[in-house]
Amino acid sequence: MKFLARKVKGNSLWSDATRRLLNDNFATWSFVIILIYVAIALLVYFNLIATSWQETIGGSREAPDLSKGVLHWAGLDIFGRSVVLKTIQGTYTAMYVGLVSSLIAIPIGVVMGALAGYFGGWVDDLITWIYTTLTNIPEFLLLIAIAIAMGKGVTTVCIALGVTSWVGLARLIRAEFMKHKNREYVLAAQALGGGHVRRMLKHIFPNVLHIVIIGFSLRFVTGIKSEVILTYLGLGAEIGKGSSWGLMIADASGELIQGVWWGLAAATLAMFPIVLAFSLFADALRDAIDPKLRH
Amino acid sequence: MFAYIVRRLLYAIPILLGTTFLLFLLFNVVPGDPALQLAGKHATPEVIQTIRIELGLNKPWYGQYFDLLKQLMTFDFGRSYWTKQKITDMISSGAGASFSLGFPAFIIETAISLIVGLMIALYRGSLLDKTVVAFSVAAQSVSLLVYILAGQYLLAYKWGLFPISGYDPDLIGRWPYLVLPIGIFVFLSVAPELRFYRTIFLDELYQDYVRTARSKGLGMKTVMLRHVLKNAMIPILTNLVISIPFLILGSVLIESFFQVPGLGDLIVKAIANNDRPVLISITVLGTFAYIIFNLLSDILYAMVDPRVQLK
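Residues numbered from 1 in each chain as written. Chains lettered and ligands numbered in written order. Predicted model: local features only at pLDDT ≥ 70, side-chain atom pairs only at ≥ 80, totals over all residues.

**Thoughts on the overall build of chain B**
Part 1 of the reasoning: A tally of regular secondary structure across chain B gives 14 helices and zero strands.
Part 2 of the reasoning: Secondary structure elements of chain B occur, N-terminal to C-terminal, as α-α-α-α-α-α-α-α-α-α-α-α-α-α.
Part 3 of the reasoning: Here chain B holds 311 residues, and the buried ones make up 30% of them.
Part 4 of the reasoning: Within chain B, contacts between residues at least 6 apart in sequence are counted, and of these 69% link residues at least 24 apart. (Helix = DSSP H or I, 4+ residues; strand = E, 2+ residues; numbered from the N terminus. Buried ≥ 20, exposed ≤ 12 C-beta atoms within 10 Å, placed from the backbone. Contact = placed C-beta atoms within 7 Å.)

**Some details on the overall build of chain A**
Part 1 of the reasoning: Scanning chain A for helices and strands turns up 12 helices and zero strands.
Part 2 of the reasoning: Along the chain direction, N to C, the helices and strands of chain A fall in the order α-α-α-α-α-α-α-α-α-α-α-α.
Part 3 of the reasoning: Seen along its three principal axes, the alpha-carbon backbone of chain A occupies a region of about 75 × 55 × 35 Å.
Part 4 of the reasoning: A buried classification covers 44% of the 295 residues belonging to chain A.

**Brief notes about the interface of chain A and chain B**
Part 1 of the reasoning: Contact with chain A, which involves 32 residues of that partner, is made by 36 residues of chain B.
Part 2 of the reasoning: Those elements giving two or more residues to the side of chain A that touches chain B turn out to be helix 5 (121-135), helix 6 (139-150), helix 10 (196-232), helix 11 (245-255) and helix 12 (262-289) of chain A.
Part 3 of the reasoning: Considering every element that reaches the side of chain A that touches chain B, the biggest residue donor is helix 12 of chain A, with eight residues.
Part 4 of the reasoning: The residue makeup of the side of chain A that touches chain B, split by class, is 24 nonpolar, seven polar and one charged. (Nonpolar A, V, L, I, M, F, W, Y, C, P; charged D, E, K, R; others polar.)

**Notes on the confidence of the model for chain B**
Part 1 of the reasoning: Per-chain confidence: chain B averages 84 in pLDDT, with 95% of residues scoring 70 or above.
Part 2 of the reasoning: Taken element by element, the predicted model of chain B shows its lowest mean pLDDT in helix 14 (residues 307-310) of chain B (64) and its highest in helix 9 (residues 208-215) of chain B (90). (pLDDT = per-residue confidence, 0-100.)

**Points about the packing of helix 3 (residues 25-45) of chain A against helix 4 (residues 83-119) of chain A**
Residue and element names in this part refer to chain A.
Part 1 of the reasoning: Between helix 3 and helix 4, whose axes approach to 8 Å, the crossing angle comes to 105 degrees. Comparing their axes, helix 4 and helix 3 come out roughly perpendicular. In this structure, helix 3 uses Tyr37, Val38, Ile40, Ala41, Val44 and Tyr45 to contact helix 4, whose residues at the interface are Ile88, Gln89, Thr91, Tyr92 and Met95. (Axes fitted to C-alpha atoms, helices over the stretch in contact; angles between N-to-C directions. Parallel < 35°, antiparallel > 145°, perpendicular 65-115°, else oblique.)

**Considerations on helix 12 of chain A**
Part 1 of the reasoning: With 28 residues, helix 12 of chain A ought to run about 40 Å at 1.5 Å a step, and its terminal C-alpha atoms sit 41 Å apart, in line with that.
Part 2 of the reasoning: Helix 12 of chain A sits mainly inside the fold: 20 of its 28 residues count as buried. (Expected span 1.5 Å × (residues − 1).)

**Topic: the environment of B:Phe257**
Part 1 of the reasoning: Tracing the sequence through the fold places B:Phe257 in helix 11 (residues 252-258).
Part 2 of the reasoning: Other than its neighbours up to four places away in sequence, B:Phe257 contacts B:Ile148, B:Gln152 and B:Ser165.

**Points about the environment of A:Arg81**
Residue and element names in this part refer to chain A.
Part 1 of the reasoning: Mapping arginine 81 onto the fold places it in the loop between helix 3 and helix 4.
Part 2 of the reasoning: In this structure, the C-alpha to C-alpha distance between arginine 81 and serine 60, residues 21 residues apart in sequence, is 7.9 Å.
Part 3 of the reasoning: Filtering out sequence-adjacent residues up to four positions away, arginine 81 remains in contact with Trp53, Gln54, Glu55, Thr56, Leu76 and Lys86.

**Comments concerning the environment of B:Ile53**
Part 1 of the reasoning: Assignment of secondary structure puts B:Ile53 in helix 3 (residues 45-55).
Part 2 of the reasoning: Measuring from C-alpha to C-alpha, the distance between B:Ile53 and B:Arg276 comes to 17 Å, with 223 residues separating the pair along the chain.

**Considering the confidence of the model for chain A**
Part 1 of the reasoning: On average, residues of chain A score 84 in pLDDT, and 93% of them are at 70 or above.
Part 2 of the reasoning: Per-element confidence in chain A ranges from a low mean pLDDT of 54 for helix 1 (residues 2-7) of chain A to a high of 92 for helix 4 of chain A.

**Observations regarding the nonpolar core**
Part 1 of the reasoning: Core analysis: the largest hydrophobic core is formed by 128 residues, its most contacted members being A:Ala147, A:Val157, A:Ile249 and B:Leu145.
Part 2 of the reasoning: Residue contacts for A:Ala147: discarding those within four places in its chain leaves A:Thr156, A:Val157, A:Ala160, A:Leu230 and A:Leu235.
Part 3 of the reasoning: Core analysis: the next-biggest nonpolar cluster, separate from the first, contains 13 residues, B:Ile200, B:Val223, B:Met224 and B:Val228 among them. (Core = buried A, V, L, I, M, F, W, Y, C linked by C-beta atoms within 7 Å.)

**Overview of helix 4 of chain A**
Residue and element names in this part refer to chain A.
Part 1 of the reasoning: When the terminal C-alpha atoms of helix 4 are compared, their 53 Å separation across 37 residues agrees well with the 54 Å that a helix rising 1.5 Å per residue should span.
Part 2 of the reasoning: Taken across its 37 residues, helix 4 has 30 buried, putting it largely inside the fold.
Part 3 of the reasoning: Trailing helix 4 by a residue or two, glycine 120 shows a phi angle of about 65 degrees, which is positive.

**Points about the packing of helix 4 of chain A against helix 7 (residues 154-164) of chain A**
A pair of packed helices can be characterised by two numbers: the angle between their axes and the separation between those axes.
Residues and elements named next belong to chain A.
Part 1 of the reasoning: Interaxial distance between helix 4 and helix 7 falls to 8 Å at its minimum, and their mutual angle equals 40 degrees. Comparing their axes, helix 7 and helix 4 come out oblique. In this structure, helix 4 crosses over helix 7, and the sense of that crossing is right-handed. The residues of helix 7 that touch helix 4, namely those facing Thr93, Tyr96, Val97, Val100, Ser101, Ile104 and Ala105, are Val154, Val157, Cys158, Ile159, Leu161, Gly162 and Val163.
Part 2 of the reasoning: Its residues assigned to classes, the contact of helix 4 with helix 7 shows 11 nonpolar, three polar and no charged. (Left-handed = near helix turned anticlockwise from the far one by under 90°.)

What follows is the structure in structure tokens.
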């Protein structure tokens, strides 16, 4: 009898999804890449690597040289600094922008969406009005307006991205909460005396958690890509205060014509795997969780 | 139908007020007094006060907000701080250049992504489908700035196939300058659009009517062209109509790199020169256009799909 009791344990949504993800090579590799980038960002944050990125180690704009050691592999910038170290520093900036902007956008999106979907009525009308207002301003223009209002800098970029990118998630969460609030399990929770907060957090939220995780992954992509563009426009990281892929690409717009291609190449090569990994991971997660997509 | 249009029009009013007020707020928390900036370093307090009255800065905030709404309704936005030109003139000349760049690019891009999207949806799971999707996912993982920089450097500078940058206001003379920007625009927008259309077609492919059409003996191509395309038209149409304001707005970065004097270029210069009235008027106008086209797409939606009006 004892072994039967052990066997009955079924697969939960998450253990099922984890198994699917592990079986999916793309998803596993994407996750490994994400972990590597997170590790690099943490090492930079704790001043363990690339601390001497501002040091001059050679002539101005020296071309990549494989024989002179790792620091010279991607050449030197205008001040003779190692592009390899700058790229590593940039990884930190990119991950920081991705993380902070997501941490701003996700809670706003979840709370707004949950309240609108769960309560309906005037709460829904108000929240719908707020996000319709936001989406009716072309995103790019809104980003510029916020960035100008708040002054330049990486923090501005994070806040501007956070404030503009919660709407899509809020919409999805709202629709899910609307669907779930009248389901039997929620009604049962109500019958047992569960209040609004308990029903929203304990009962419905776990059922929409996958949307939040997918949203997080996609926000990260938006964050990393937008940082580059806002920085180029002169609204992001300031020169001399840390390094970023955006700054490296912006520098290339003047340097390329002199044949200095390595800054651009290094930033692009660094950005490609992480953006790809986050997009593939979001896709794989969606496929692993959404039963409709299993054809 | 009429009642629906009126309802949607009325609904657009709070949205318009909300968006303009939000932008007004954002642009009014910017530190620095525009009157000081305009008057220059050696201005007397009287001069500054005159400028302030001229710009309406002495009014309370609701007066200034009302002025902004009035400017929007009369399409008269005053003068730029930087060039001293009338902003309305700057915008109308910029819109022409942006449109010459955006419109052909939009047509080509839509045609390519619709046709390829339909094809890979039809042969989903095949090697062709997988390759195209993989390429577009990979292509989207590179910053668009890199494409613009690399395209301009290689095709125009290194190999000299196109002019590096510039523009000719002449109706015919402008095209040699626009070929490369249009090409890059198409290249940049095909990847995301392609995946969008593929998803739409795939959504339709699993509907009951497709199975019915198949079971009565229609070939897959006929089903695709006669049934799926028609039903997919609804989201496609919405997507297309909503893209139109962005055509007029232009691709900010492409214009800036190729020095096409469109609205995008205007924005980049206004940011660099801290030219607030130009930024406000372009953002407000852009938002206004976006609201109008959203409205239009909703109405079109209701015309194509009668179920919408019932909601």
